Amino acid sequence: MGACVEYEEQASLHAAEALEGEEAARFQAHLESCAACQAEVASAREVLGLVALPPQTPVEVRAQEGLGARTLTAWRREQTRRGMGRRALGSLAAVAAVVALMLGPSALERLKAPRPVVTTPTAVQSASARDDVDAETLAAFEAWAGLDPLEDEGSGYGLDEDLSWDGDDADLDGDFDLGETL
């Protein structure tokens, strides 16, 4: 035998203690006079008792106590971090725009300006270009290549120095053989 058709839903809600106000009072008045509804409520409470969760352990209680505050704090921290990233990106974009505005016109002028054409032959080196090579290296190269020493007042070599090769490899540092080719 089940509950009255019009009170079937309320029996389950009453068993779960979900009825409130005037509706709860009306069902309670009906429950006092109806044995079928009383049996239905008792059966529903038995089923709900089987699916009820066990009481919380102290560890679970402690974990739930500050859950709302911890969640809110973590959310605020994440929002702050995201906001800082957006502000940093915006600042970087602003700095890049200012640099582009400052350097842009001068870079455009340099691109538009004609470039001078250098007509110096590549075979002729100025004395200042050879100044970077030390005398010992140049003498060793000349000796290896079988060249006459270069005579240039700006080269750093004195005219009285004998830089010619006498055919003896003992003066060289031994890194190369006279039979090597370039």
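Notes on the structure in this doc start here. Everything quoted here is computed from the prediction, not taken from an experiment.

## Here we look at the overall build of the protein chain
Then comes step 1: Per the secondary structure count, the protein chain includes 7 helices and 0 strands.
Then comes step 2: Sequence-distant contacts in the protein chain: of pairs separated by 6 or more residues, those separated by 24 or more amount to 44%.
Then comes step 3: Total accessible area on the protein chain stands at roughly 14,800 Å², and carbon and sulfur atoms take up 58% of it.

## Details of helix 5 (residues 67–112)
Then comes step 1: Helix length check: helix 5 (46 residues) gives 66 Å between terminal C-alpha atoms against 68 Å at 1.5 Å per residue, within 8%.
Then comes step 2: Along helix 5, the sharpest kink reaches roughly 40 degrees, centred on Leu-103 and followed within four residues by the proline Pro-105.

## Thoughts on helix 2 (residues 21–33)
Then comes step 1: Every buried residue belonging to helix 2 is among Ala-24, Phe-27, His-30 and Leu-31, and all of these are buried. All buried residues of helix 2 lie within an arc of 130 degrees about the axis, which places them on one face of the element. Away from its buried face, by an angle of more than 90 degrees, helix 2 presents the exposed residues Gly-21, Glu-22, Glu-32 and Ser-33.

## Details of the pattern of salt bridges
Then comes step 1: Per the stated rule, a full pass over the model turns up 2 salt bridges.
Then comes step 2: Between Glu-78 and Arg-81 there is a salt bridge whose closest N-O contact spans 2.5 Å. On the criterion of helical spacing, the pair formed by Glu-78 and Arg-81 is a turn pair, its members being 3 residues apart in helix 5.
Then comes step 3: Taking relative accessible area as the criterion, Arg-81 reaches 52% and is therefore assigned exposed.
Then comes step 4: A salt bridge links Arg-82 to Glu-78, with the shortest nitrogen-to-oxygen separation between them at 3.2 Å. Taken together, the positions of Arg-82 and Glu-78, both in helix 5 and 4 residues apart, correspond to about one turn of that helix.

## Brief notes about the packing of helix 2 against helix 3 (residues 35–51)
Then comes step 1: For the pair helix 2 and helix 3, the least separation of the axes is 6 Å and the interaxial angle reads 110 degrees. One finds that helix 2 runs roughly perpendicular with respect to helix 3. Each of Phe-27, His-30, Leu-31, Glu-32 and Ser-33 in helix 2 lies in contact with helix 3, whose residues at this interface are Ala-35, Cys-37, Gln-38 and Val-41.
Then comes step 2: Along the lines of polarity and charge, the residues of the contact of helix 2 with helix 3 split into 5 nonpolar, 3 polar and 1 charged.

Criteria and thresholds
- Residues numbered from 1 in each chain as written.
- Predicted model: local features only at pLDDT ≥ 70, side-chain atom pairs only at ≥ 80, totals over all residues.
- Heavy atoms only, no water.
- Helix = DSSP H or I, 4+ residues; strand = E, 2+ residues; numbered from the N terminus.
- Contact = heavy atoms within 4.5 Å.
- Areas by Shrake-Rupley, 256 points an atom, 1.4 Å probe, with all protein chains shown as cover.
- Expected span 1.5 Å × (residues − 1).
- Bend = angle between axes of the 7 residues up to and from the residue.
- Buried < 20%, exposed > 50% of the residue type's maximum accessible area, 1.4 Å probe, protein only.
- Arc of directions from axis to C-beta.
- Salt bridge = Lys/Arg side-chain N within 4 Å of Asp/Glu carboxyl O.
- Axes fitted to C-alpha atoms, helices over the stretch in contact; angles between N-to-C directions.
- Parallel < 35°, antiparallel > 145°, perpendicular 65-115°, else oblique.
- Nonpolar A, V, L, I, M, F, W, Y, C, P; charged D, E, K, R; others polar.

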